[in-house]
Structure formats: structure tokens, C-alpha cells
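Summary of the model geometry
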Amino acid sequence: MGTQAASTSQTSPPILLDKVMRSYQIALKCDTPSQREEINRRIRDFEERQHNLLGQDVVKKALALYRTNPKERFFVRQVGKAVGKNPNIAESAYHWLQIAVKGKIDKEQKVQGMLNFLHKNPQQLVEWMIFGRSPYTESSLGKYWRLHRRYVINLLTSSRTQLDSYSKKTKRNYYFSNSLVLNGALPTYNQQDVVQAIDDALTHQTTTFSQLPSLSKNQQAFMNKLHLLKQEQIIVAPFLTSWINSYQTSRWKSLKQLAKELAEIMGKPTRKLFSAVRQVVVFTLFDQFMQSVPQLLQGLPVTALVPPPFKRKKQGRLPVKLLMKKDYVITREGNAKDLTRQVKNHGRTTLGFPQKGKKKLTAQVLFPPKVLEYLRNGAEIKVFQVSSGSAPSFKPRVDVVLEGTHDCFRSHKLLHTYLPKIPKGKKQILGLDINRLGEFMVAFNSPVSVPSDLMNLAERYNHLKKVIKELNLGFLRKRKEYNILGSCKLKSELTRVYKRRHRLLREITRRLPHFLAAVIVKKQCHTLKIEELEVDPSGTKGALAQAIYTMPDNLYIYKKAVWLASLELGYDVRLETVNPYHTSSVHHNCGGTILRHPGSGNYDFAPCGKCDQVVNTHANAALNISSLPGTLLPYNLFPSTHVRGPT
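First, a word on scope: everything that follows refers to the structure included in this document. Counting of residues starts from 1 at the beginning of each chain's written sequence and follows it residue by residue. Local features in this predicted model are restricted to residues of pLDDT 70 or higher, and side-chain atom pairs are both shown and tallied only at a pLDDT of 80 or more, whereas totals for entire chains, interfaces and linings draw on every residue. Side-chain numbers come from the whole structure's heavy atoms, not from hydrogens or water.

1. Concerning the pairing of strand 8 (residues 429-434)
For every residue, the accessible area obtained with a 1.4 Å probe (protein chains only) is divided by the maximum for its type, and the residue is called buried under 20%, exposed over 50%, and partly exposed between those limits. Here a helix means four or more residues in a row that DSSP labels H or I, a strand means two or more in a row labelled E, and each is numbered from the N terminus. In terms of burial, strand 8 is largely enclosed, as 5 of its 6 residues are buried. Note on pairing: two strands pair once DSSP finds at least 2 bridges between them. Judged from the 3 bridges that link them, strand 8 and strand 9 (residues 442-444) form a sheet pairing that is antiparallel. Within strand 9, the residue paired with Leu432 across the bridge is Phe444.

2. Observations regarding helix 7 (residues 135-145)
Residues of helix 7 that are buried: Pro135, Thr137, Glu138, Leu141, Gly142 and Trp145. Viewed along the axis of helix 7, the buried residues span an arc of 160°, placing them on a single side of the element. Facing away from the buried side of helix 7, by more than 90 degrees, are the exposed residues Lys143 and Tyr144. Where helix 7 is buried, its residues contact helix 5 (90-120), helix 6 (122-131), helix 8 (149-169), helix 12 (251-265) and helix 13 (274-297). Just downstream of helix 7, Arg146 is the residue with a positive phi angle, here 60°. What the arc covers is the set of directions going from the helix axis to the C-beta atoms. When checking whether two residues touch, look at their non-hydrogen atoms; a contact exists if any pair is within 4.5 Å.

3. So, helix 11 (residues 233-244)
Here helix 11 contains 12 residues, and its C-alpha end-to-end distance of 16 Å stays within 8% of the 16 Å for a straight helix at 1.5 Å per residue. When helix 11 is considered as a whole, its buried residues turn out to be Val236, Ala237, Leu240, Thr241, Trp243 and Ile244. Buried positions in helix 11, seen along its axis, are confined to an arc of 160° and lie on one side of it. Against helix 6, helix 9 (191-210), helix 10 (217-231), helix 12 and helix 13 lie the buried residues of helix 11. To estimate how far a helix should reach, multiply one less than its number of residues by 1.5 Å.

4. Some remarks on the nonpolar core
Met114, Trp128, Met129, Leu240, Leu255 and Phe289 are the most contacted members of the largest nonpolar core, which has 63 residues in total. Sorting elements by how many residues they give to this core places helix 13 first, with 12 residues. Not counting residues within four places of it along the chain, the set of residues in contact with Trp128 comprises Met114, Leu115, Leu118, Arg133, Leu156, Ser159, Arg160 and Leu163. Side-chain atoms within 4.5 Å link the members of a nonpolar core, which is a set of buried Ala, Val, Leu, Ile, Met, Phe, Trp, Tyr and Cys residues. Counting residues in hydrophobic clusters, the runner-up holds 54 residues, among them Leu414, Val497, Leu516 and Val562.

5. Some remarks on the packing of aromatic side chains
When two rings of Phe, Tyr or Trp (its six-membered ring) have centres within 6.5 Å they constitute a pair, described as stacked for plane angles under 30 degrees, edge-to-face for angles over 60, and tilted for the intermediate range. Per the stated rule, a full pass over the model turns up 12 aromatic pairs. Their ring planes at 25° and their centres at 6.4 Å tell us that Tyr24 and Phe409 sit as a pair that is stacked. Of this pair, Tyr24 sits in strand 1 (residues 19-29) while Phe409 sits in the loop between strand 7 (397-405) and helix 16 (413-418), and the two are 385 residues apart along the sequence. In this structure, Tyr24 and Phe409 share a single accessibility class: buried. Counting every residue linked through ring pairs, the aromatic cluster contains Phe131, Trp243, Trp252 and Phe274. The ring of Trp145 carries Lys110 above its face, with NZ or CZ at 5.6 Å from the centroid. Note on criteria: charge over ring means Lys NZ or Arg CZ within 6 Å of the ring centre, with the direction from the centre no more than 35 degrees off the ring normal. One cation-aromatic arrangement involves Lys256 over Phe274; the distance from NZ or CZ to the ring centre is 5.6 Å.

6. Topic: unusual backbone geometry
For Arg146, which is not glycine, the phi dihedral falls at a positive 60°. Following the sequence through the fold, Arg146 ends up in the loop between helix 7 and helix 8. Although it is not a glycine, Asn183 sits at a positive phi angle of roughly 60°. Along the chain, the position of Asn183 falls in the loop between helix 8 and helix 9.

Written out as C-alpha cells, the structure reads:
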């Protein structure tokens, strides 16, 4: 390409030599349907033997052994000796056990860190006890641990639920008061207590912010919300008192709804008062909670807040893992090196499924062209994972785990497919705005249309959303009619549709980085700017929330796009994040406010309140993003951290 030749004098991006492992599904070809069903039954028997080895007594011994030496080889060997069972299938079972135990130990350390943080922050501790969540705690721990906020939210809510279970089992009398059970009844308060809590929250926040040299926009907005609650305390106090004295199935969601209703009653429907109302509730209950919470958490065993592995029943069985250095009940031709060489030459290999007293069955494993390309690029076969299928097809599943450098798993075929469809024109800085799946799922500050294949996938995804809604209504109707057969059929259909929708989203996520990279290459861009979307969309239904739910907010798409484009162009493309504040509501040309009224449907095109021009809101947002100052993200953010490295 011309872009490659023109940029040879520039610095090339660094070559990533770290190895990663990635899993791909491959096809198992059987001679006849009856042979496939028999192979599937034998795999099912292996899975059941593996499952029976993972009893709670084995898990307890494994936990003690892991704390002495976490290395997998030592762990697997010692578990076999301690349990006294070391059949051939045990190597696979104890491999999964080692992963599960490692996860439990890691989670215990996270819970201990969370409790230490809450002990130092009483206000967040009370908030966690009331709601099972705490936004300040979530953001602080997420940044400290460098984890996604969703993980921290799940950690907070699950540990809060486990605390209820532990306290009831130990029969701590002071915990049985209705003041501490999550989503139960809270202590009884009157309106005067709520009014006093509003004053206390306002005084506390004023004192805290007075120590700062200046307030940010968010801090000033929060103070304005507290002042508004103080001005309207005649309206706020009765509603909050009723909410506190009522039983709630979910305190977090019900308080969000209450905050929204309060804003409408005050005549300010666009004001988001949830954070301020939440703090008033915390200050109302602070004194009584702090009398019992420290006593409850004192000496609390962290192991009680993290359930042991395999305690909860999981859907399906763990696959049988064919470690290459072991002779398993499922046979294969040679070790990892032999198999890699064989598949490179022939594109297939053979697995054998013996059973005592019966004839050994064999089936061919066919590798798709994509996996063969990765193997020829230098990747190697690490292990196979075999699992059984369910009725009516009884089709076994085989996954291969490949190990190699990041460059082994790179392909430019899809990128070059998109290049001819993108209009020419250099653009030094590209601003990118994401939205819900559809025609404007991604918008640039330069006119670029979404490819037809991505549009087809998005249309199918949106169609399935409507199908799911109809099936859910039918399922509820059948349950009310006590129609067991109809309920089972609709539930099975719902499961299939959900899987289909998940596959569509996965395919969109796979294709989109190549399209973005093609735009960067065609425009010869040096900087890609995106919004910083580290926000929690839980409980919201806006366009941004839908975009975050469908388009991953972990930077995976953009990091991969920049990585692919940098390799193609021969120089490092900068990835920067900008503040998303008002990028969609300010008109880029005149600075006026775009009138995107809730419920009007004016999300794609809306008039400007200053110049009356009807603008494309997504292209306008991309223009705003490209003009804002950005924060540079380091180049080595890709490959993403969720890709597991070699053990």
C-alpha cells in the first residue's frame, strides 16, 4: 500500500514478544450420527467422573494445599495423594480445581482490602450496609486494583449478601434487628430526623469542599443538588420518611425511582438527584448503623464472605482438558509439537474415545482456515478441551488452546476488505462517538458510513430484542395460566434466542475494530479521540447506557483498532480519551444547546436552540470530541489484560 511506503521513515510500533493463549472452537467430524451420539455419551461419562472427583471434602483439602504451594504441578500431585484418588481423568479435574481455588484466594484478598477501605471510610461503610453498593468505593477500588467497575460492583453486592447469610448462621442477636438486613425493613424514623439529616449532609459536604482550592463541575453540581433538597425539604422529607419506613425489594433501584419522582414533583424533571438523596439517607441512618456495624465486622472471617469453589450448581459440566504430557482416556496422535506440525501440513488430526469392553471410536478434528493461519504464523497447540453436547443433536464440542505471540493472531484480510468502501481524505485527528447499535453505532468527525455487514448484524440484533420482549410476555402469561408445557417451551426458546443474540454481539465486536482501523488507515490519522466511558449504566435506559451495554466499555475495540492501524501505517497512532461532559448537547458550530428532549425520539437528528439548525447529533458529538483536549493512553494497552498469559 501507498501508506506503508510513505511512512517507512517513521518509527515502527514495538513488536510484542509476550506470549498469550487463546481458545478457538474446532469441528469434530464423525462418520455417522449414531457414532457421534455414542462418542458424546462417552465424553459425558468422562465429565461425570471428573465432576464426582470435585466433592467438598476434596475442595477443603485443596484449599489447605494451595496455601502451602500454589504451583499447579505440585498442587495436582499433592491433591491426588491427599485424596487417595488419582485416576487418569483426575489430572483434568484437579487442573480446574487449581484455577477455582486460585480464584477464591484472590477474591478473599480483595474482600479483605474492601473491608479495610470501608473501616477507614464510615460513610461508605454505612452506604454499603444499606444498599450493598457504594459508588465512591467502587471507583476507588477499581482504580487501585486496575479492574473494571463491574467486577467491584459484583464483589460488593455478593459479599454483602454473604454477610447476611453468615450472620444468620452464627445467630448474632444484634444482627436480627431490622436495621441491617439487605433489602429488608429499615429502622423507623420521622420527618424531623430526615430534615436534620439534610442539614447534616449539607454542613458536612460544605466543610469538606471548603478545604479544596476550587470545586470541579461535578462537585459544584452535587452541592447545588443538596441546596435544592434543603429548599424543597417540605416535599422531600415526607417522601424519604415513607421510603425508609417501607419494605423494599431493592433499595438501590427503588431509591433511584424515588429520586426521579422527586425531581418531577419539584418541576425539574431533568435533574438527577440520586446521589444527593442517597447521601441524605446515609446521614439519616448513620448514628444507629454505626452502633452495630463495627461490632458486626470486628473479627469477621473473610472466608465466610467468599463461598468455596463448586458449592453452587453450575449449568453443564466442566470440559475434559487434554494436557499434552499425559496419557488420557481420550487419545490423540502425539504431543503438542507433533500435533502442531501435523495440523499445519494436513489441517486435521484424530481423537480416539476408548471404553473398556467396547470398540475404540475415532473422529477427525477439522481446523478452520482462521486457526490454520494462526498456526502458520507461528502459534502452537497447547491443549484440547472436549465437552459433550445436549439433545437433540448430541454434538460434542472441541476447543483448541493456541499459544503464541500477539503477532501470530493478527490478520489484515478484514481490514483490507473495508478499505475500498471508505472515502479518501487525510484527517490528522479523528473523533469517535459511539451509540446504540444501528446506523450511527460509530460516528466520526469525517463522513464515513457503517459497512453493510455490520448494519445487517445490528439489524438482526435489534430484531431479536423485540423477539425477546414478546417471548417474555408470553412466558409470564403461560406461568399465570399454570401451563407447564407452554412455559417450558417458551423458556427453551428464550434461551436459544439469548444465545443467538450473544453470538451476534460477539461477531460485531470482532469485526468493528477492523473497520475502525481501516478508517484510521485511509484517513492517515495520527490521533484517535474517544469519550472516557468509565461510567455505570445500571438501572438506566438512555442511548449512552444502551451503547455501553452493547459496545464494550473496556477500550478493547479501540485498543485493537489502534494496534492494527499502527502496524499497517508503520507509525504509532495515539489513542486519547476526552471528558464526555456535554459532548452530545452542545452544537459544535454555534455553541448552542441541542434540544434532545426525553421521549421525543430526537436522538439522531435534533434542532439547535440557538441557530435552529437541525444537526446530526452523533456527527456533532464526534466533532466536539475531536476538538477537546485528550489524555494519552499508552500504546501497550493492547492486547487487553483479559487475555491470559502462559502458565
